[in-house]
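Residue-level structure breakdown
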Number of protein chains: 2
Amino acid sequence: MPHISIVTLGVDDLRNVARFYEALGWRISPASVDGTVTFLQGDNIALSLFDRHGLAEDAHLAAGRPTGFRGVALATNVGSEEQVDETLRTANRAGGRIRKAARHTDWGGYSGYFEDPEGHLWEVAYNPHFDLLDDGRISLPLGD
Amino acid sequence: MPHISIVTLGVDDLRNVARFYEALGWRISPASVDGTVTFLQGDNIALSLFDRHGLAEDAHLAAGRPTGFRGVALATNVGSEEQVDETLRTANRAGGRIRKAARHTDWGGYSGYFEDPEGHLWEVAYNPHFDLLDDGRISLPLGD
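Residues numbered from 1 in each chain as written. Chains lettered and ligands numbered in written order. Predicted model: local features only at pLDDT ≥ 70, side-chain atom pairs only at ≥ 80, totals over all residues.

Structural notes on the pairing of strand 3 (residues 37-41) of chain A
Residues and elements named next belong to chain A. Rule in force here: We call a residue exposed when 12 or fewer other C-beta atoms sit within 10 Å of its C-beta, buried when the count reaches 20 or more, and partly exposed for counts in between; the C-beta positions come from the backbone. To qualify as a helix, a DSSP run of H or I must reach at least 4 residues; to qualify as a strand, a run of E must reach at least 2; elements of each kind are numbered from the N terminus. Pairing between two strands is assigned when DSSP locates at least 2 bridges connecting them.
Burial runs high along strand 3: 4 of the 5 residues are buried. Pairing analysis gives 5 bridges linking strand 3 to strand 4 (residues 46-51), with the strands arranged antiparallel. Bridged to Leu40 within strand 4 is Leu47. Connecting strand 3 to the next strand, strand 4, in antiparallel fashion are 4 residues.

Topic: the pairing of strand 6 (residues 97-104) of chain A
Residue and element names in this part refer to chain A. Note that strand 6 and strand 7 (residues 110-115) share 5 bridges and pair antiparallel. Within strand 7, the residue paired with His104 across the bridge is Tyr110. Hairpin connection of strand 6 to strand 7: 5 residues between the antiparallel strands, including Gly108 at a positive phi of 85°.

Thoughts on the interface of chain A and chain B
For the record, the criterion: Residues are scored as being in contact if the C-beta atoms we place from backbone atoms lie within 7 Å. Gly is placed with the polar residues, together with every amino acid not listed as nonpolar (Ala, Val, Leu, Ile, Met, Phe, Trp, Tyr, Cys and Pro) or charged (Asp, Glu, Lys and Arg).
In this assembly, 58 residues from chain A lie in contact with 58 residues from chain B. Among the elements of the structure, strand 1 (6-11), strand 3, helix 2 (52-58), strand 5 (72-77) and strand 6 of chain A are those that each provide at least two residues to the side of chain A that touches chain B. When residues in the side of chain A that touches chain B are grouped by element, the largest group, 6 residues, is from strand 5 of chain A. Residue composition of the side of chain A that touches chain B, grouped by class: 31 nonpolar, 18 polar and 9 charged.

Structural notes on the domain arrangement of chain A
Residue and element names in this part refer to chain A. Here is the rule we go by: Note that domain bounds follow an automatic or database assignment of domains.
Splitting chain A by domain gives domain 1 (6-58) and domain 2 (74-135). Each of domain 1 and domain 2 was reduced to a C-alpha centroid, and the two centroids are 20 Å apart. Taken together, the elements giving at least two residues each to the side of domain 1 that touches domain 2 come down to strand 1 and helix 1 (14-23). Tallying contributions element by element places helix 1 first for the side of domain 1 that touches domain 2, with 4 residues.

Remarks on the relation of the copies chain A and chain B
What counts, and what does not: Overlaid copies result from least-squares superposition on C-alpha atoms, with residues included only where pLDDT is at least 70 in both.
Mapping chain A onto chain B calls for a screw motion: a turn of 180° about the axis and a shift of 0.0 Å along it, with 0.0 Å RMSD after fitting. Both copies of the chain, as the preceding transformation shows, are related through a two-fold rotation axis.

Comments concerning the nonpolar core
Stated formally: By convention the nonpolar core is taken to be a set of buried residues drawn from Ala, Val, Leu, Ile, Met, Phe, Trp, Tyr and Cys and joined through C-beta atoms within 7 Å.
Among the nonpolar cores identified, the biggest contains 84 residues, and Val7 of chain A together with Val7 of chain B are the most heavily contacted of them. The contact partners of Val7 of chain B, leaving out residues within four places of it in the chain, are Ile4, Val7, Val72 and Leu74 of chain A together with Ile45, Leu47 and Leu74 of chain B.

Comments concerning the confidence of the model for chain A
When pLDDT is low, close inspection of the predicted coordinates is not appropriate. Rules: By definition, pLDDT measures how confident the predictor is in each residue, and it falls between 0 and 100.
Scored by pLDDT, chain A comes out at a mean of 93, with 99% of its residues at no less than 70. Across the interfaces of the predicted complex, the ipTM metric reaches 0.93, alongside a pTM of 0.94.

Some points on helix 1 (residues 14-23) of chain B
Residue and element names in this part refer to chain B. Going by this rule: The arc under discussion is defined with respect to the helix axis, by the directions toward the C-beta atoms.
Restricting attention to buried positions, one finds in helix 1 the residues Val17, Phe20 and Tyr21. Mapping the buried residues of helix 1 onto a view down its axis gives an arc of 90°, with all of them on the same face. Tucked into the core, helix 1 has its buried residues touching strand 1 (6-11), strand 3 (37-41) and strand 4 (46-51). At the C-terminal side of helix 1, Gly25 shows a positive phi close to 105°.

Set out below in structure tokens:
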């Protein structure tokens, strides 16, 4: 069955970005290797922060600085509009940049976006149509 | 507690990319909206495919075509070297591009990379040092 075990973010300043995610509640694992990779445990998934050039090299890709829209958003769904506001405030205080202040959406929810200190994009959303499980996963309606 | 509920990938050809992920075992949810967004359920997380321009616009970002390394890799950890090979073969047959054939790594594991039809990067890895849970999550060692 398909899954995502780890989301790896390539970054220039490992320590700074690790501090940011720690302030958001992610827990740094002692499996991290100083200066190379930082592993962070979340409820349903792990994050890893990896030197941007090292990650590109590991994947056999050129490490050029990204321009244009990177085409990825990581979404944290939470249980209420208040929790959306609170999460965005926490991200902002920790050094993230609010890209879009939270607002009501045309799909009946409430959402906003922030970027981490190196531009990785996160959406924080309350979606009344999706069941939110204890560990932060959503349970999508599925057909037969 | 921190979590990632959904990873949203901006794409140009929703239908083509949805077929690719279906071939990898992700299940399309009827919550999807034809031509706008495709939601796919995985074991520990949901994927959503969203028109690349629409996603950029939603996040208040310019939608320019990405160049350079996008700086994100989604990792699927599996239980054996054979499963790494098998997952990469499945991705390749479904229209993904193998970026790096699987090989033994200097951290004692076995891993390879593929890109989906629009260049989103995935690592497939066997890591004997991390506990792999039933739903594909890993359990990182944590200090006190």
